[in-house]
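Residue strings, one per chain:
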Amino acid sequence: MANRLGVCQNNMRKFFLFILLVVLTIDISFAQKPIITLDVVLKDTWESAVSPAICNNGNFVKYVKSDKGKDTLVIKSVKGSWIRKFPNVKDCFFTDDSRSAIFIKDTDSLCILALGRNEITCKLQVTSFQLFTKEKKQCLAYQIKNSGNDLLIQELNTGNTHRFKNINNYLISPDGKKIILSRHSKNNMVILKWVDLITMYQNDFWEGSDPLNMFFDKGSMKLAFITDGGSEIEGKSIWCFNQATETILKLIDNATTGLGNNLRLENISKFSIDGQRIFLTLKEKTYLVPKADAAKVDVWSYTDEKLQSQQLVEDVSVNSMFYKGPKDYAAIIDLKSCHILQLQYQSDEIEQITNGNNDDWMMVVNRKGEKNESSWNKKSKPSYFLVSTKTAYREEMKLPYYDLSPSGKLLISTDDLGNFFSYDLKTGSVIDISRTIPVGAGDARDDTPAKKDNRGLTFWGQWLVNEEMLLIYDRYDIWLVDPYGVKPPVNLTNGFGRRNLMVFRFIGSNERIRFHRNERIVLSAFDLNNKNNGFYSLVLGKKADPMKLTMGAYIYCGAGYGYPEQDINGEKPLKSLDAESYLITRSSATESPNFFWTKDFKSFKPLSTVVPEKKFNWLTSELKLFKTLDGGYGQGILYKPENFDPKKRYPVIVYYYEHKSERLNQYYRPDLMADANINLPLLVSQGYLVFIPDIHYKVGRIGESALNSIVAAGKYLADLNYVNASKIGLSGHSFGGFETNYVITHSKFFAAAFAGSATSNQINRVGSYDLNTGRGLSDYLKLQQSRMGSDLWERPDVYIDNSPVFNADKVTTPVLLMNNKNDAIVHFDQGTQFFMALRRLNKKAWMLQYDGESHNLYQSINKKDLTTRVLQFFDHYLKRAPAPIWMTRGIAAKDKGIKDGLELDTMIKTPGPGLLTPEEQRKIDGYSKIPLGEKLKPLIQNKN
């Protein structure tokens, strides 16, 4: 017995020793994970899985795995273990019968892979291919790079193949029954051949110049195309071939348009759905050339409908991305009369209204001035017109209509407050169909002055069949709404979303889906409390709460799904055409996006295993609630390194832009910094904590609102045992950069700050404009993101208070700025004004300016440089690392591009004093203690 007990004790000791060794091994391997460095980022070898697809029967999927700059196509079964991988592949498609995958490998090998089997056939020297369906038969068209440039059409199920020689180009009809072949004739003209792929009847119907574009009608019996005759008088011509009569007709050319000398034919875009019209574009002829001996002067006038700066960008600056040049105008050709009807004129903006079966209407918005000035500029007030694309008749409307009901009887519209209306095309009656939805003004929770009263209702073109109801979203729930305004609206999700602060949307995104009553619907769901994402289901028309399928700390569906903050990157589930089989993309803060298969949205089978983050000291994310300075509460995300040690005291960087807490589970890829939007994996892996607080704004008090959240967040962090309270820094870009500048001029709490492309003087911005578009910024300041809520002359105090430059004397925080000369949005002088003020006041400040860069950096060499300097800046002030030479000694202008100053300074430990004399320093110390309000009192008293 004693011997048996001794053996047992020995075995137990061995077992516990084994467990201890396992734990130690795990700890050692965990601690030894390398950090993410600049070298890791620069190698750009981050694994990813992209380009997913699922076949029609739902049994096979494909995706591309990218690793170390090489792409590999992966095709696999969702139920079994069958899998195939192919490097260097492009253009992979599944056949409709789900029997094959077709792709091009090694640039010119067309491969047909039998799904679920090992059979693969390859055709060499194939330049391109196209899959199409002809009378329910899947066909393959592919072109061979040989002396004849042959085109082959193969029926996949029978193998029957037709070969056409010397083909330059081809166009397959929508029904797959016809094909147009293009080849060169002996006299170097182009011959077009019409081929009926059912009867193999062939007809050469055109010989002439090369068509610029070609379009079939819906019935695949007519072909329209445009040619350029080269003649200045004739110019472009539009032709139509009718296979039923085997006739080709020149419909019109520039000489016969009847449009006068100012307009010319530009292009055609499509047949109308009924096949009776062709949609086309007209273009103004070339502008007059300025006189060589004339003074080149811009005359700015108070009566200009648009600023001269905007006119120059849109009408004159050819190299501008916003240059409109000679304007385009929409028109149609009536095929019976061959007459052109112009649908669009000067100052018209158009939008086609269609439901897929009807394209008889366009909505035209006419405004002469800039729309951002519509709050005060009478020329910017829009007029709305409903235009018939059959007759060009215009009817002025009170609202813009942008959606057509399935029957084509009703138009749907919304106004600036989020109300929805239907317009009966037959009777002309307008009905407010959303008036009885119990959602009040401001429910959108948009705190910009322009949208503060918006109800937050949206419509994505989704209806019940038979046009019985349409579906409208509020901030949380989905409503069934009677388009005729008779039946009361029904809350499809039973108010569950609003009660539980959960956002529901259809997983079909904005597709034009027609739903049936009693149909089971899968919804995407986003929980605003804990930021979990997942899926619920409901039965359409059944009054009950949605049923949870799955929810978790993941991201499935993204910004296109109407979440209020529109700031979540995800992917729409892909459904197979013929089965309840779905391909899902899922990710989290700690898991790279990967693909999963499901049929019930409850259990998920992994299909890809891309986990590059497992190789490094990654990050974790936590949702935190903190008390703001005004006594309220805010949410924020705290990021920690994977090897976080609660016994250590960490430096923290507080980063912000509006509100980001919805991105709690968002995956971030390591990357170089293009601005002050810090790269989370890079900084957290190197031992920083990062906190991102939400900021909620009060109109006219944006700086104070930022201070309320950011300083409160800093104080909340300082109370955590694992935070070094004296080593908390700030980083913000653009609007966030302004907030950085404001906070450091109103608080001494932070140890260092980085502000990228930041504003400092709102008064200066009132008279400024966007250099890209030429549009003035005053309305942006008053009504949009800057949220001033008033004009400068109405409340100058608001503009002064929100201009950090006026409080530059209060700064005690070392600050790094980045402002670039080519920044069209935040002009360079916004940076120089603040920097020169700080320099004059003997504040520790640096400013980076990258040649050729604008609001953000685009050149890799500059991104690397910025990332390096930002890390050095924060490492010095938050980690006590040695300072680099560019911070201690500076870089002379003559040494730009020669010396970078990135070497650590071995002589000077930290940046020292500036240029002020002792007398000037005492003077500044004195008036920096006086609040700005006190300094303004004499001005106010003198005014009174």
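Refer to the structure above for everything that follows.
Quick summary incoming for the structure in this document.

## A few points about the nonpolar core
V654, I710, L717, V723, L730 and F750 are the most contacted members of the largest nonpolar core, which has 49 residues in total. Excluding anything up to four places from it in sequence, V654 contacts F691, P693, I710, L717, I728, G729, L730, S731 and F750.

## Side note on the pairing of strand β3 (residues 70-77)
In this sheet, β3 lies alongside strand β2 (residues 60-67) in antiparallel orientation, the contact comprising eight bridges. Along β3, the bridge assignment pairs F60 with S77. Pairing geometry for β3 and strand β4 (residues 83-87), over five bridges, is antiparallel. Among the inter-strand pairings, I75 is bridged to a residue of β4, identified as R84. Linkage of β3 to β4, two consecutive antiparallel strands, is achieved through a turn of five residues.

## A short note on the sheet that holds strand β5 (residues 89-94)
With respect to topology, four strands assemble into an open sheet ordered β5-β6-β7-β8, the strand pairing being antiparallel. The open sheet has two edge strands, β5 and β8 (120-123), and neither has a second partner. Neighbour-to-neighbour, the strand axes of the sheet open up by a mean angle of 20°, direction not taken into account.

## Section: the sheet that holds strand β37 (residues 502-506)
Reading across from one edge, β37-β39-β40-β41 is the order of the four strands in this open sheet, with antiparallel pairing throughout. For this open sheet the edge positions go to β37 and β41 (547-552), each flanked by a neighbour on one side alone. Recorded for the sheet is a direction-independent mean angle of 25° between the axes of neighbouring strands. In this structure, β37 lies alongside strand β39 (residues 520-527), joined through five bridges in antiparallel fashion. What sits directly across from V503, in β39, is F526.

## Details of the side chain of D424
With respect to the helices and strands, D424 occurs in strand β31 (residues 420-424). Nearest to the buried, unbridged D424 among oppositely charged side chains is K426, at 7.5 Å. Aside from chain neighbours lying at most four places away, what touches D424 is K409, L410, S429 and Y484.

## Focus on the packing of helix α6 (residues 702-718) against helix α7 (residues 735-744)
Where α6 contacts α7, the two axes come as close as 9 Å, and the packing angle between them is 80°. Classified by the angle their axes make, α6 and α7 are roughly perpendicular. Across the interface between the two elements, I702, G703, E704, A706, L707, I710 and V711 of α6 pack against F735, F738, E739, Y742 and V743 of α7. Considering only residue class, the contact of α6 with α7 consists of nine nonpolar, one polar and two charged.

## Considering the packing of aromatic side chains
Under the criterion given, the structure shown has 43 aromatic pairs. Aromatic pair W46 and W618: ring centres 5.6 Å apart, planes at 20°, arrangement stacked. With a gap of 572 residues between them, W46 in the loop between α2 (38-43) and β1 (48-54) and W618 in the loop between β45 (605-606) and β46 (619-627) connect regions that are remote in the sequence. Per residue, the accessibility class of W46 equals that of W618, and both read buried. Geometrically, the ring pair formed by F459 and W463 is edge-to-face, given 6.0 Å between the ring centres and 85° between the ring planes. Across this residue pair, the class does not change: F459 and W463 are buried. Taken together through their ring pairs, the aromatic side chains of F535, Y554, Y556, Y582, F601 and F604 make up a single cluster. Across from the ring centre of F279, 5.0 Å away, lies the NZ or CZ of K270, which sits over that ring.

The rules behind each value
- Residues numbered from 1 in each chain as written.
- Predicted model: local features only at pLDDT ≥ 70, side-chain atom pairs only at ≥ 80, totals over all residues.
- Heavy atoms only, no water.
- Core = buried A, V, L, I, M, F, W, Y, C linked by side-chain atoms within 4.5 Å.
- Buried < 20%, exposed > 50% of the residue type's maximum accessible area, 1.4 Å probe, protein only.
- Contact = heavy atoms within 4.5 Å.
- Pairing = 2+ DSSP bridges.
- Helix = DSSP H or I, 4+ residues; strand = E, 2+ residues; numbered from the N terminus.
- Axes fitted to C-alpha atoms, helices over the stretch in contact; angles between N-to-C directions.
- Lys, Arg positive; Asp, Glu negative; His and termini not counted.
- Salt bridge = Lys/Arg side-chain N within 4 Å of Asp/Glu carboxyl O.
- Parallel < 35°, antiparallel > 145°, perpendicular 65-115°, else oblique.
- Nonpolar A, V, L, I, M, F, W, Y, C, P; charged D, E, K, R; others polar.
- Phe/Tyr/Trp six-rings, centres within 6.5 Å; stacked < 30°, edge-to-face > 60°.
- Lys NZ or Arg CZ within 6 Å of the ring centre and 35° of its normal.

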